[in-house]
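Remarks on the overall topology
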Amino acid sequence: MWDTDAARRYDAWFTTPRGAFALRREVRLLEHMASGWPRRGQRLLEIGCGTGIFLDVLHQAGFDVAGLDKSPAMLEAARARMGALADLHLGDAEHLPFDDNEFDFAVILTVLEFCPDPGLALREAARVARKGLIIGFLNRLSLHWLLTRGLPGGRGGSILGQARWFLPWEMRRLAMEHLGRRPYVCRSVLPGPMATWRNTPPWRHLNAPILPLPLGAFCAARVDLLGDPVTTPLHALKAKPGIG
């Protein structure tokens with residue numbers, strides 16, 4: 001599924017007006033969720049790093065980053081983007097080739113949707129990350145899902161059509177079941193349908209906020225694995241000026 005052509009289409013999507021708009025909101029949400037994490041000397045693994053777009057953002061934020069993907073084509077694109085700035089590995093989210101607690105943090109964005117056993121992938125992420133985990137997922141409780149998958153004629157044949165979209169309470173239950181009862185916070189972005197993902201009013205204002213309610217197309221949940229939320233104040237993540 002994730003061959004060279006798919007990797008090219010994936011990157012190309014984020015250069016379109018709607019894709020660039022969505023990327024800025026997703027990066028802002030990632031910034032918000034990771035804002036309390038220390039960074040200097042902190043090792044972070046992105047599981048399912050794809051072509052390295054978010055890996056690049058995390059590196060610029062100050063983390064020592066590593067990435068893993070099971071697609072050689074995606075990993076090749078990530079290597080072309082990151083060079084020696086990231087430690088890249090070929091592997092599967094459900095069987096991570098790392099030692100226990102090898103990393104301080106892990107990020108897994110829009111990966112569980114394609115895992116045969118998402119609970120196992122979460123357990124593996126928590127096994128290798130000592131302090132915290134951010135889970136990004138496609139939200140079934142959104143207008144974007146309704147128009148992409150929920151209505152007749154939705155894009156069932158696309159990559160998104162093959163994904164398993166999660167309800168917010170389903171993801172929380174999955175996290176509690178496989179990670180234990182740990183501090184869990186969920187936020188979302190992009191509440192409008194894709195047609196409103198544009199940088200003109202009023203649509204820009206509709207889709208700009210980070211929502212405390214999980215009603216947006218893209219959700220992120222932070223799980224604090226040490227038991228108490230990390231609260232160190234930090235500078236915001238910064239995307240590359242050329243992105244979006």
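This write-up is about the structure you can find in this document. (Residues numbered from 1 in each chain as written. Predicted model: local features only at pLDDT ≥ 70, side-chain atom pairs only at ≥ 80, totals over all residues. Heavy atoms only, no water.)

Concerning the nonpolar core
- With 36 residues, the main nonpolar core has Trp37, Phe63, Val107 and Ile134 as its most contacted residues.
- Looking at this core, the elements with two or more residues in it are α2 (17-33), α3 (53-60), α4 (72-82), β4 (103-109) and β7 (218-224).
- The biggest single contributor to this core is α2, with 7 residues.
- The next biggest cluster of nonpolar side chains, apart from the first, holds 33 residues, and it includes Ala106, Phe137, Leu174 and Leu225. (Core = buried A, V, L, I, M, F, W, Y, C linked by side-chain atoms within 4.5 Å. Buried < 20%, exposed > 50% of the residue type's maximum accessible area, 1.4 Å probe, protein only. Helix = DSSP H or I, 4+ residues; strand = E, 2+ residues; numbered from the N terminus.)

Focus on the environment of leucine 167
- On the secondary structure map, leucine 167 appears in the loop between α6 (143-150) and α7 (168-179).
- Assessed through its relative accessible area of 22%, leucine 167 is described here as partly exposed.
- In the structure, leucine 167 is positioned 28 residues away from asparagine 139 in sequence and 5.9 Å away in space, judged by C-alpha atoms.
- Sequence-distant contacts of leucine 167, that is, excluding residues within four places in its chain, are made with Arg140 and Leu141. (Contact = heavy atoms within 4.5 Å.)

Comments concerning the environment of lysine 131
- In this fold, lysine 131 is placed in strand β5 (residues 129-138).
- In this structure the C-alpha to C-alpha distance between lysine 131 and phenylalanine 105, which are 26 residues apart in sequence, comes to 5.7 Å.
- Setting aside its immediate chain neighbours within four residues, lysine 131 contacts Pro38, Gln42, Asp104, Phe105, Val223, Asp224, Leu225 and Leu226.
- Within the structure, the side chain of lysine 131 is placed 2.7 Å from the side chain of glutamine 42, a separation counted as a polar contact. (Polar contact = N/O pair within 3.5 Å; in protein donor to acceptor, adjacent residues only side chain to side chain.)

Details of the packing of helix α5 (residues 118-128) against α7
- Between α5 and α7, the shortest axis-to-axis distance is 9 Å and the interhelical angle comes to 55°. With respect to each other, α5 and α7 are oriented oblique. As for how α5 packs across α7, the hand of that crossing is right-handed. In this structure, α5 uses Pro118, Gly119, Leu122, Arg123 and Ala126 to contact α7, whose residues at the interface are Leu174, Ala175, His178 and Leu179.
- Among the residues forming the contact of α5 with α7, the class breakdown is 6 nonpolar, 2 polar and 1 charged. (Axes fitted to C-alpha atoms, helices over the stretch in contact; angles between N-to-C directions. Parallel < 35°, antiparallel > 145°, perpendicular 65-115°, else oblique. Left-handed = near helix turned anticlockwise from the far one by under 90°. Nonpolar A, V, L, I, M, F, W, Y, C, P; charged D, E, K, R; others polar.)

Section: the pairing of strand β1 (residues 43-47)
- When you tally the buried positions in β1, you get 4 out of 5 residues, the bulk of the element.
- Judged from the 5 bridges that link them, β1 and strand β2 (residues 64-69) form a sheet pairing that is parallel. Counted as the bridge partner of isoleucine 47 is leucine 68 from β2.
- For the crossover that starts at β1, traverses α3 and ends in the parallel β2, the hand is right-handed.
- Both β1 and β4 contribute to a ladder of 4 bridges, which runs parallel. Looking at β4, one finds that isoleucine 47 is bridged to isoleucine 108. (Pairing = 2+ DSSP bridges. Right-handed = clockwise from strand over helix to strand, strands pointing away.)

Considerations on the sheet that holds β2
- The mixed open sheet is built from 7 strands, whose spatial order is β3-β2-β1-β4-β5-β7-β6. A strand with exactly one partner marks an edge of an open sheet, and here the two such strands are β3 (87-90) and β6 (184-189). Put simply, the sheet's adjacent strands are angled 15° from each other on average, direction ignored.
- Alignment of β6 against β7, held across 6 bridges, turns out to be antiparallel. Pairing of valine 189 across the sheet is with phenylalanine 218, part of β7.
- Packed onto the sheet, α4 meets β2 and β3 and runs at close to 170° relative to β3.
- Where α7 meets the sheet, its contacts fall on β5, β6 and β7, and the angle it forms with β6 comes to roughly 150°.

Examining the state of the cysteines
- In the structure shown here, the tally under the stated rule is 0 disulfides.
- Cysteine 186 takes part in no disulfide bond, and the closest cysteine sulfur to it belongs to cysteine 219, at a distance of 4.5 Å.
- The exposure class assigned to cysteine 186 is buried, which follows from its relative accessible area of 14%. (Disulfide = S-S within 2.5 Å.)

With respect to unusual backbone geometry
- In this structure, proline 202 follows proline 201 across a cis peptide bond, with omega equal to 0°.
- Positive phi, normally seen in glycine, also occurs at threonine 110, with a value near 50°.
- Here threonine 110 lies in the loop between β4 and α5.
- Here the phi dihedral of leucine 190 falls at roughly 65°; this positive angle occurs in a residue that is not glycine.
- Topologically, leucine 190 is positioned in the loop between β6 and α8 (203-207).

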